[in-house]
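Residue strings, one per chain:
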Amino acid sequence: MNALEDIIDGVRGGLAERRRRLPECELRDLASEVTPVPDCAELLRGTDGLKVIAEVKRASPARGRLSEIEDPAALAAAYEAGGAAAVSVLTEELRFDGSLADLDSVRARVAVPLLRKDFVVDPYQVWEARAHGASLVLLIVAALEQPLLADLVAQAAEIGLTPLVEVHDPAEARRALDAGAWVIGVNARNLKTLEMDKGAFARIAPDIPENIVRIAASGVRGPRCAVEYAELGADAILVGESLVTSGHHREAVAALVAAGRRINAPRPRDVRFPRLPGSPGSAFP
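Residues numbered from 1 in each chain as written. Predicted model: local features only at pLDDT ≥ 70, side-chain atom pairs only at ≥ 80, totals over all residues. Heavy atoms only, no water.

**So, the packing of helix α2 (residues 24-32) against helix α6 (residues 123-131)**
Stated formally: Only C-alpha atoms enter the line fits that serve as axes; for helices the fit covers just the stretch in contact. Angles between N-to-C directions range over 0 to 180 degrees. Strands here are runs of E lasting at least two residues and helices are runs of H or I lasting at least four, both read from the DSSP assignment and numbered beginning at the N terminus. For classification, angles of less than 35 degrees are called roughly parallel, those exceeding 145 degrees roughly antiparallel, those between 65 and 115 degrees roughly perpendicular, and all remaining angles oblique. The hand of a helix crossing depends on one turn: near helix anticlockwise from the far one by less than a right angle means left-handed, and clockwise means right-handed. We call two residues in contact whenever any of their non-hydrogen atoms come within 4.5 Å of each other.
Direction vectors running N to C along α2 and α6 enclose 30°, while the axes themselves pass 8 Å from each other. Looking at the two axes, α2 sits roughly parallel to α6. The two elements α2 and α6 cross, and the hand of that crossing is left-handed. Mapping the contact onto sequence places E24, L27, R28, L30 and A31 in α2 and Y124, W127, E128, R130 and A131 in α6.

**Comments concerning the packing of helix α1 (residues 3-21) against α6**
Our working definition: Classes in brief: Ala, Val, Leu, Ile, Met, Phe, Trp, Tyr, Cys and Pro nonpolar; Asp, Glu, Lys and Arg charged; the others, Gly included, polar.
Contact geometry of α1 with α6 gives a least axis separation of 11 Å together with a crossing angle of 65°. In terms of axis orientation, α1 runs roughly perpendicular to α6. Between α1 and α6 lies a crossing of left-handed hand. Note on element contacts: α6 touches α1 through Y124, Q125 and E128, opposite V11, L15, R18 and R19. For the contact of α1 with α6, a count of residues per class yields 3 nonpolar, 1 polar and 3 charged.

**Quick look at the confidence of the model for the protein chain**
Cut-off, in case you're wondering: pLDDT runs from 0 to 100 and stands for how confident the predictor is about each residue.
In the predicted model, the protein chain carries a mean pLDDT of 90, and the fraction of residues at 70 or more is 92%. Low confidence marks residues 264-285, where pLDDT is under 50. Its contacts with residues over four positions away, or in another chain, come to 56 contacts.

**Some words on the packing of aromatic side chains**
Defined as follows: Two aromatic rings from Phe, Tyr or Trp, using only the six-membered ring of Trp, form a pair when their centres are within 6.5 Å; if the ring planes differ by under 30 degrees the pair is stacked, by over 60 it is edge-to-face, and anything between is tilted.
A complete count under the given rule lists 2 aromatic pairs for this structure. A centroid spacing of 5.7 Å and a plane angle of 35° characterise the contact between F96 and F119, whose relative ring orientation is tilted. Of the two residues, F96 sits in the loop between β4 (86-90) and α5 (100-107) while F119 sits in the loop between β5 (114-117) and α6, which places them 23 residues apart along the sequence.

**Things to note about α1**
Because an α-helix completes one turn every 3.6 residues, residues spaced three or four positions apart along the sequence face the same direction. Our working definition: What a helix is expected to span follows from its residue count: subtract one and scale by 1.5 Å. Throughout this description, buried means an accessible area under 20% of the type-specific maximum (1.4 Å probe, protein chains only), exposed means over 50%, and partly exposed covers the range between. For this quantity, the arc is that covered by the directions from the helix axis to the C-beta atoms. Throughout this description, a polar contact denotes any pair of N or O atoms lying within 3.5 Å of each other; where both atoms belong to protein, one of them has to be capable of donating a hydrogen while the other can accept it, and for residues adjacent in sequence the pair is counted only when both atoms sit in side chains.
Taking 1.5 Å of rise per residue, 19 residues should cover 27 Å, and α1 covers 28 Å from first to last C-alpha, within 8% of that figure. Among all positions in α1, only L4, I7, I8, V11, L15 and R18 are buried. For α1, the buried positions fall inside an angular range of 95° around the axis, keeping them on one side. If you follow the buried residues of α1, they end up packed against α5, β5 and α6. At the N-terminal end of α1, a side-chain oxygen is found 3.1 Å from the backbone nitrogen of L4, two or three residues along, and the residue is N2.

Structure follows, in structure tokens:
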């Protein structure tokens, strides 16, 4: 069993327990009461500089304990004040020490869009993301068979979420595109081995069409890394570890935003994203 399979095994156990406590029909009713949000693709598209998705992250299998984060809402508020375009909240419990309660507390405090970052393997988790106020939901190609990946992309769009589809190699990028993804994150960390591949974005990004929002994730240590990713064509970066350990959260985000704004060249705004049927609240033409 590799690292990703081990994580997913734990995720399925927690999912089964939550489903017992709250049947899917009731969860859907709760989700329907949440105000729909616009599609986040244009917000993350780097037409006026590299965007920053700042992450609330206590721990990881690769790095262990990063920060206690006793008040995730206060951390998210600091990120927002520093100019983060969105906040990512880890909700996986066993390996990352996150929770849906963290997502709730952050949603109550900040106005920027939230990414529910977890290991989604079932439509129930997409409904959870909607019910708990997320605007985006992470879908990891390596964790999903192709039919389920395509179904989850379509489901997310249909209920008003933007799917951020994560890839690690060119084959996964092709699968993401085939599944209909219009926001793709390239993760420099291989979730199966937990090894870093700092060249992943440079290899994969050129094969991702210009109409797709491209996000670089993992390994961003500071403004210099932000500049490098911007020059390689990233619209946004997703940053966790270096922010939660910085001690100066607002200033650390602001430095990344400033670096990306200086470097990232404008990109066309008249891009037409692929339309998925029945996607309320989306920004699709």
